[in-house]
Amino acid sequence: MSLDPDSSPPSTSRDWLFQSPPLTHSAHRHRHSSTRTFSANNPRRTRRTFVSDPKPSSFQTSPSLSISAPMRDSRSFGGLRRRIEFDRGRYGGKREEGREVEVSRDSGGNTEEYGGVLGEIVAYGKKFDRFGGGRLKVRWQLGCLIAILFTLSSSLLHKNFSLHNQVIDLQDHISKLNVRLRACNLSDPVDIINSIPHDSVYLPNKSLKISALIVLLTILSLPFLFFKYFLHVLKSRRWPENTAKEVSLNKQIAYRVDVFLSVHPYAKPMSLLVATLLLICLGGLALFGVTEDSLTDCLWLSWTYVADSGNHTNSEGLGPRLVSVSISFGGMLIFAMMLGLVSEAISEKFDSLRKGRSEVVEQNHTLILGWSDKLGSLLNQLSIANENLGGGIVVVMAERDKEEMELDIAKMEFDFRGTSVICRSGSPLIVADLKKVSVSKARAIIVLADDGNADQSDARALRTVLSLTGVKEGLRGHIVVELSDLNNEVLVKLVGGDLVETVVAHDVIGRLMIQCARQPGLAQIWADILGFENCEFYIKRWPQLDGMQFEDVLVSFPDAIPCGVKVASYGGKIILNPDESYVLQEGDEILVIAEDDDTYSPSTFPTVWRGHLPKDFIVPKSSERILFCGWRRDMGDMIMVLDAFLAPGSELWMFNEVLENEREKKLIDGGLDITRLVNISIVNREGNAVIRRHLESLPLESFDSILILADESVEDSAMQADSRSLATLLLIRDIQAKRLPFREARVSQGHRGSSSPGSWIGDMQQASDKSVIISEILDPRTKNLLSMSKISDYVLSNELVSMALAMVAEDRQINDVLEELFAEEGNEMHIRQADLYIQEGEELSFYEVLLRARQRREIVIGYRLANAEKAVINPPAKNEQRRWSVKDVFVVIAEKE
């Protein structure tokens, strides 16, 4: 039969190497007639890999393949082919070096290799037989052996325990029979139990103990056997080329244990408990095997060895001693681990307490979020406010270490007056940290601005407000937010809604400095009103005043001064300095200036003679010259406020280190249109305010007011900013003193050598009478230097802002009052000369002066005598007559001029 592929039909066999011959052919004929040659164009060749080299393939030069096996050899070869194809399928059909192999079997069943893929497949098959098949066989043998051992030991133990139970049952049955025999008096009790030989009872017990030891050894060896088994399985599944990529079993187990201990919080104590129970059980089982005691007694004895390692000294015999020493050693390890866990837990707890991670269990407390230079003044004001209540609770949370915060607070030089300050470390942006300080139970929350960039500080304050509004439990109190830029106020109020009250610190201080520059002494008055040490604003309802006119209400409080009305019909709007004919309605509340909220109450108003004003008040309209030393980021807002206050033709000189071409750009970016200024013109000068020759180039003696600002470049450091401001102040006063006419006259008379060492202070004080200098001070400790020298007025910006924050935190309604007093329109504080209200030597009571001022719709809240340094706000004995001087001044609340 010809095997030419062109003449023979396609084979239906799965074997693609040869065609099955007929059984009637002889072996010789079959060998010759079945010979075929594999050519490159054989259409029945379905799997082919071409070599990469240009030489002809091996199947093209090899001799023809002879089929010398009978039909059963063909089937055997087909089995080999199928196994090879299984091997190829398992290993992805990889072919090395693109070769093909042709295989045939001789009569002995040997495989011959030819070049090509098929030969390599046969090689893979042999490799699989050596490695994969051998390992699979060993794996199954090991598994079967372990299963047989476990089954035998379990059955043996079960049989021994069942025999022991049968003996016990028989003994119980014999005891019951003896009892019946005694009851019937038939015969004496038959001591069958004692008649049983001792060896017959001991044999089951002895076999039971041996079985216990076998079970113990089996249990102890099982982890080792399983470990070796899994290690063997992993090695058998691993390919040689992937050996370096595989992770060892030891590392995998260590990783799983680490994950288990990390994920589960109680994993360590539970693991220790399981280890203890396992040690007790295994130890009891071992003692049961080497002693004569029962299993229950052995378990108890094992526990005593674990609990007290010294109990094993009473053991006798080699076996019991070895077991007891082993149990005691394990007990020492367990108790060492237990001691470590307890010590670690206690250390973590104390570390948590030390770092401020514990929860604050308080309510109706004041919560401060953040840390800045204003914190000291803020805590002082809150302590004064809580003094009449016997002290309060203030909680401070900042992103600092608790110990550092407590150390800094301890260094603050003021009395806390019974107020407790609790520090916690955390972020106000994290809701979990906010819950830790009982934010939902706080009566007021103060968000401090960070020292640094204004936009970044306000952005952080905005995120803090978002976190506060996201507390699920809700907020009981209101939020007081300190902002650095007025432009960000709208966004914060939009996010916080009715819960938020804002205090724009930088803009408030800038406007206050302008007011103080035009009215010297106003800074001290504001410090008295904003602080809780003297008098402050309070709002309260008095039903007995309903139906009275506001003019009569003014003289109805001997210990307070009414300033406005909270009108219920207007939705609770506060009206400062209302018309005297306003009649109080039901639900209206009175805004007063008093020492404390429990120190005043209305009484029957006295009969007061009003009188007439001696002269009309004329607003001065003369032009002024103002000097700004330094640069603030809200310079544009200050210029607009100054333009509204000054008369036409006034000049504003700006002296700082900012280049002139950059100043205009900064002012425009801040929202100022220089072309729209009406009353002032800007004069720019470049220079350093701490260099004398730069200051000498300015006409310092010609300025009506000089404002020394905390420069933007150093405002992050309070001490550095104050040092710069003090240096500038001393230089300006010294230059002014040397340029005064009296100084030149004294020098010309030759009295220079006779001047006292402190005469330079006197010269500066005389120069201060010619022009007003307002210095912005950040650190409260710096004010003592200026107070003693009396060469300048000052605005303690950080302390005033802290006072405003504390006042709004105590009563959020006061924020509306402060906003109007600092705004460009509405009412504000003024210092008026006494000759506007009295005549020289006239004797009047304070009530009478108060009613005279009402003729101009002004409210007098205090006065400063000519020979006094400080003003008196809310004076006592208001109905007492006294003699006034025209050199005295009165502090009034009036509409802006």
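Here's a quick rundown of the structure. (Residues numbered from 1 in each chain as written. Predicted model: local features only at pLDDT ≥ 70, side-chain atom pairs only at ≥ 80, totals over all residues. Heavy atoms only, no water.)

**Quick notes on the overall build of the chain**
For step 1, the next point in the chain: A tally of regular secondary structure across the chain gives 28 helices and 24 strands.
For step 2, the next point in the chain: Residue burial in the chain is summarised as follows: out of 897 residues, 43% are buried.
For step 3, the next point in the chain: For the chain, contacts bridging at least 24 residues in sequence account for 74% of all contacts bridging at least 6. (Helix = DSSP H or I, 4+ residues; strand = E, 2+ residues; numbered from the N terminus. Buried < 20%, exposed > 50% of the residue type's maximum accessible area, 1.4 Å probe, protein only. Contact = heavy atoms within 4.5 Å.)

**Considering the sheet that holds strand S5 (residues 420–425)**
For step 1, the next point in the chain: With parallel pairing, six strands are arranged side by side in an open sheet as S5-S4-S3-S6-S7-S8. Bordering the open sheet on either side are S5 and strand S8 (500–504), each of which pairs with just one other strand. Each strand of the sheet is rotated relative to its neighbour by a mean of 20 degrees, with strand direction disregarded.
For step 2, the next point in the chain: Taken together, the four bridges between strand S6 (residues 444–447) and strand S7 (residues 478–483) define a ladder with parallel strand orientation. When the bridges of S7 are listed, Ala444 appears paired with His478. (Pairing = 2+ DSSP bridges. Axes fitted to C-alpha atoms, helices over the stretch in contact; angles between N-to-C directions.)

**Overview of the packing of aromatic side chains**
For step 1, the next point in the chain: In the structure shown here, the tally under the stated rule is 10 aromatic pairs.
For step 2, the next point in the chain: Taking 5.1 Å as the distance between ring centres and 50 degrees as the angle between the ring planes, the aromatic pair formed by Trp884 and Phe890 counts as tilted. Note on accessibility: Trp884 and Phe890 belong to one class, buried.
For step 3, the next point in the chain: Following the ring pairs from residue to residue traces out a cluster consisting of Tyr837, Phe846, Tyr863, Trp884 and Phe890.
For step 4, the next point in the chain: Geometry around Phe703 places Arg625 over its ring, the cationic atom sitting 6.0 Å from the centre.
For step 5, the next point in the chain: Directly above the aromatic system of Trp884 lies the positively charged group of Arg882, at a separation of 4.9 Å from the ring centroid. (Phe/Tyr/Trp six-rings, centres within 6.5 Å; stacked < 30°, edge-to-face > 60°. Lys NZ or Arg CZ within 6 Å of the ring centre and 35° of its normal.)

**Quick look at the sheet that holds strand S12 (residues 589–594)**
For step 1, the next point in the chain: A sheet is described by the order of its strands in space; here four strands give the open sequence S9-S12-S10-S11, paired in antiparallel fashion. Of all the strands in the sheet, the pair left with one neighbour each is strand S9 (536–540) and strand S11 (573–576). Neighbouring strand axes in the sheet, compared pairwise and without regard to direction, differ in orientation by 30 degrees on average.
For step 2, the next point in the chain: Where strand S10 (residues 560–567) and S12 come together, six bridges link them in antiparallel fashion. Note on S12: the bridge partner recorded for Ile561 is Ile593.

**Remarks on the pattern of salt bridges**
For step 1, the next point in the chain: Under the defined criterion, the tally for this structure stands at 27 salt bridges.
For step 2, the next point in the chain: In this structure, Arg400 engages Glu404 in a salt bridge whose closest nitrogen and oxygen atoms are separated by 3.8 Å.
For step 3, the next point in the chain: Judged by relative accessible area, which is 23%, Arg400 ranks as partly exposed.
For step 4, the next point in the chain: Judged by its relative accessible area of 44%, Glu404 is partly exposed.
For step 5, the next point in the chain: Put simply, Arg692, Glu696, Asp734 and Lys738 are held in one network by salt bridges that share partners. (Salt bridge = Lys/Arg side-chain N within 4 Å of Asp/Glu carboxyl O.)

**Some words on the environment of Ala727**
For step 1, the next point in the chain: When you line up the elements, Ala727 lands in helix H22 (residues 718–739).
For step 2, the next point in the chain: Taking the relative accessible area as the measure of exposure, Ala727 reaches 29% and is therefore partly exposed.
For step 3, the next point in the chain: Sequence-wise, Ala727 and Ala689 are 38 residues apart; in three dimensions their C-alpha atoms are separated by 8.3 Å.

**Examining unusual backbone geometry**
For step 1, the next point in the chain: Of note in this structure, Asn577 is not a glycine but carries a positive phi near 50 degrees.
For step 2, the next point in the chain: Note on Asn577: relative accessible area 0%, which makes it buried.
For step 3, the next point in the chain: A positive phi angle, near 55 degrees, is found at Asn874, a position not held by glycine.
For step 4, the next point in the chain: Among the secondary structure elements, Asn874 is positioned in the loop between strand S22 (872–873) and strand S23 (881–883).

**Thoughts on the nonpolar core**
For step 1, the next point in the chain: Ile368, Phe537, Phe628 and Ile861 are the most contacted members of the largest nonpolar core, which has 122 residues in total.
For step 2, the next point in the chain: Among the elements that line this core, the one with the most residues is helix H26 (residues 797–810), at nine residues.
For step 3, the next point in the chain: For Ile368, the residues in contact, after removing those within four places along its chain, are Leu375, Leu378, Leu379, Leu382, Val394, Val395, Val396, Met397, Ile446 and Leu448. (Core = buried A, V, L, I, M, F, W, Y, C linked by side-chain atoms within 4.5 Å.)

**Considerations on the pairing of S11**
For step 1, the next point in the chain: Side chains of S11 alternate between two faces, with Ile574 and Leu576 buried and Lys573 and Ile575 left unburied.
For step 2, the next point in the chain: Bridge analysis of S10 against S11 gives four bridges, and the strand direction is antiparallel. Paired with Gly564 across the bridge in S11 is Leu576.
For step 3, the next point in the chain: Counting the residues that bridge the hairpin from S10 to S11 gives five residues, and of these Gly571 lies at a positive phi of roughly 75 degrees.

**Description of the side chain of Glu858**
For step 1, the next point in the chain: Following the sequence through the fold, Glu858 ends up in the loop between helix H28 (846–853) and strand S21 (859–864).
For step 2, the next point in the chain: Within the structure, Glu858 has its side chain in polar contact with the side chain of Arg832 (distance 3.5 Å).
For step 3, the next point in the chain: Excluding residues within four positions of it along the chain, Glu858 makes contact with Asn577, Arg832, Tyr837, Leu850, Ala853, Val892, Ile893 and Ala894. (Polar contact = N/O pair within 3.5 Å; in protein donor to acceptor, adjacent residues only side chain to side chain.)

**Some remarks on the environment of His830**
For step 1, the next point in the chain: Looking at where His830 falls in the secondary structure, it is placed in strand S19 (residues 827–833).
For step 2, the next point in the chain: One polar contact links His830 to Glu828, side chain to side chain, over a distance of 3.0 Å.

**A short note on empty space enclosed by the protein**
For step 1, the next point in the chain: Following the criterion strictly, the structure yields nine cavities of 30 Å³ or more and no others.
For step 2, the next point in the chain: When its volume is computed, the largest cavity comes out at roughly 320 Å³.
For step 3, the next point in the chain: Residue lining of the largest cavity: 22 residues in total, with Lys374, His506, Arg633, Glu715 and Asn798 positioned closest to the centre.
For step 4, the next point in the chain: Among the elements of the structure, S7, helix H16 (505–518) and H26 are those that each provide at least two residues to the lining of the largest cavity.
For step 5, the next point in the chain: Residue composition of the lining of the largest cavity, grouped by class: seven nonpolar, five polar and 10 charged. (1 Å grid on protein atoms, 1.4 Å probe; cavity = no way out; pocket = protein on both sides within 12 Å on 5 of 7 lines; lining within 4 Å. Points joined across faces, edges and corners; volume = space filled by probe spheres on them. Nonpolar A, V, L, I, M, F, W, Y, C, P; charged D, E, K, R; others polar.)

**Regarding a nonpolar patch on the surface**
For step 1, the next point in the chain: Among the surface-exposed residues, Trp300, Trp303, Phe335, Met338, Val342, Ile346, Phe350 and Leu353 lie close enough to one another that they form a single nonpolar patch of about 780 Å² accessible area.
For step 2, the next point in the chain: Top contributing element to the nonpolar patch by residue count: helix H10 (residues 318–354), with six residues.
For step 3, the next point in the chain: By the element assignment, Trp303 lies in helix H9 (residues 295–307). (Patch = residues over 30% accessible without salt bridge, like charges linked within 9 Å, V, L, I, M, F, W, Y side chains within 5 Å. Areas by Shrake-Rupley, 256 points an atom, 1.4 Å probe, with all protein chains shown as cover.)

**Notes on helix H27 (residues 814–822)**
For step 1, the next point in the chain: Where H27 is concerned, the buried positions are Ile814, Asn815, Val817, Leu818, Leu821 and Phe822. Within H27, the buried residues cover an arc of 155 degrees as seen down the axis, which keeps them to one side. (Arc of directions from axis to C-beta.)

**Quick look at the packing of helix H17 (residues 522–530) against H26**
Pairs of packed helices are described in terms of their axes, by the angle between the two and the distance that separates them.
For step 1, the next point in the chain: In contact at an axis separation of 9 Å, H17 and H26 are set at 30 degrees when each is read in the N-to-C sense. In this view, H17 runs roughly parallel relative to H26, as classed from their interaxial angle. Of the two elements, H17 crosses H26, and the hand of that crossing is left-handed. Between H17 and H26, the residues in contact are Trp526, Ala527, Ile529 and Leu530 and Leu800, Met803 and Met807, respectively.
For step 2, the next point in the chain: Of the residues contributing to the contact of H17 with H26, the split by class is seven nonpolar, no polar and no charged. (Parallel < 35°, antiparallel > 145°, perpendicular 65-115°, else oblique. Left-handed = near helix turned anticlockwise from the far one by under 90°.)

**Observations regarding the pairing of S8**
For step 1, the next point in the chain: Across the five residues of S8, five count as buried, placing the element largely inside the fold.
For step 2, the next point in the chain: Of the two faces of S8, the one lined by Val500, Thr502 and Val504 and the one lined by Glu501 and Val503 are each fully buried.
For step 3, the next point in the chain: Bridge count for S7 against S8 is five bridges, and the pairing is parallel. Residue pairing for S8: Leu483 is matched across the bridge by Val504.
For step 4, the next point in the chain: Crossover S7 to S8 through helix H15 (residues 489–496) is right-handed. (Right-handed = clockwise from strand over helix to strand, strands pointing away.)

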